[in-house]
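Inside the fold
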Amino acid sequence: PKPQNPYVIGFDLFVINIIMKTFALACLVASACAMSEIESAFLGYITQYGKSYSNLAEYEMRLRNFALKHVQIQEHNATESAYKVGHNKMSDWTEAEFKAILTYKSEGQIGEVVEQEIKPLGYSPINWIDMGCISPIQDQGQCGSCWAFSSQASMEAANCIAHENQQLEKYSEQQLVDCVKLCYGCNGGLQSRAFNYLESHYEMSEASYPYTGVDGTCAYSSSNNTGVKCTGW
C-alpha cells in the first residue's frame, strides 16, 4: 500500500490534540462554573446561618458536605414531586454529626390500643394547616425532646380543632421536659407519659415557660397557666 504523507498524519494528530485540549478546557470551565455557583450559594448559606470555621481545611470539608446536599436538593426539586426541599443549618454537617442527634429510643407502647372502624358519611378532607390549627416547624436543638414537641403539637391542634374559630395556642415543650418525671427530659421520653401528666396538670404557654433546650428544674405554676388539660388520649 501507498505510505501516508507524514505531514498529513502530523496535522491530524495536531488537530486531535487541539480538540482534546479544547474539550478538557470546556469541561474545566463547566466544572469551575458549577463550583462557582455552589460556592456562591455556600457563602450565602454561611451568612444566613451565622456559620464560622476555624481554618481552611474545615471550610473545604464543610463546602464538600454542602455541595453534596446542594446537588441532592437541585435534583429533587427538578422532579415532579409534590414537595420541595431546601437547605437548613445541618447542610454542612457530616453524616456522623447528623446521626449523633438522633436520640429516640422506643420504650414500647403504654396503655391499651383500641382499633375503631370509622365510616364517615359524605365527608370532605380538611387541611388543618390551612385552617390555622397546625403549629409552625420548630427546632429542638441538641436536646432529645422530640417526644415533648410531638405531644404539644398534638395538644395544640386538638384544642384548636375542638373549639371552632379559636386561635391556635402555643404550649410549652420545656414544661414537659422539666416536669414529666417518668420521662428523661433531653434524653428521651414517651408521648403517652406526657398525656398522662397533662391529665392532671394544666398546659403552660410557650411565652410563660420558654424553651431552653436543656434539662431544667420544674417551674410549673398552678396559677399562671392556660386552663387547658388533656381529657383523654
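So, here is what we can say about the structure in this document. (Residues numbered from 1 in each chain as written. Predicted model: local features only at pLDDT ≥ 70, side-chain atom pairs only at ≥ 80, totals over all residues. Heavy atoms only, no water.)

1. Observations regarding the overall build of the protein chain
In terms of helices and strands, the protein chain carries 6 helices and 0 strands. Along the protein chain, helices (α) and strands (β) appear in the sequence α-α-α-α-α-α when read from the amino end. Put simply, the protein chain has 233 residues, and 27% of those count as buried. Sequence-distant contacts in the protein chain: of pairs separated by 6 or more residues, those separated by 24 or more amount to 68%. (Helix = DSSP H or I, 4+ residues; strand = E, 2+ residues; numbered from the N terminus. Buried < 20%, exposed > 50% of the residue type's maximum accessible area, 1.4 Å probe, protein only. Contact = heavy atoms within 4.5 Å.)

2. Brief notes about the state of the cysteines
Applying the stated criterion across every chain yields a total of 3 disulfides. Disulfide partner of Cys 133: Cys 160, at an S-S distance of 2.1 Å. Taking the torsion about the S-S bond as the criterion, the Cys 133 to Cys 160 disulfide, at about -65°, is left-handed. Highlighted residues: Cys 133 in the loop between α3 (95-99) and α4 (146-162) and Cys 160 in helix α4, separated in sequence by 27 residues. The pair formed by Cys 133 and Cys 160 is uniform in burial state, with each residue classed as buried. At a sulfur-sulfur separation of 2.0 Å, the disulfide partner of Cys 143 is Cys 186. (Disulfide = S-S within 2.5 Å.)

3. Concerning the pattern of salt bridges
With the rule as written, the count across this model stands at 7 salt bridges. Lys 89 serves as the salt-bridge partner of Asp 139, at 3.0 Å between the closest nitrogen and oxygen. Here Lys 89 lies in the loop between α2 (56-77) and α3 and Asp 139 lies in the loop between α3 and α4, a separation of 50 residues in the sequence. For Asp 139, a relative accessible area of 48% gives the class partly exposed. Close ionic contact of Glu 206 with Lys 170 constitutes a salt bridge, the shortest N to O distance being 3.9 Å. (Salt bridge = Lys/Arg side-chain N within 4 Å of Asp/Glu carboxyl O.)

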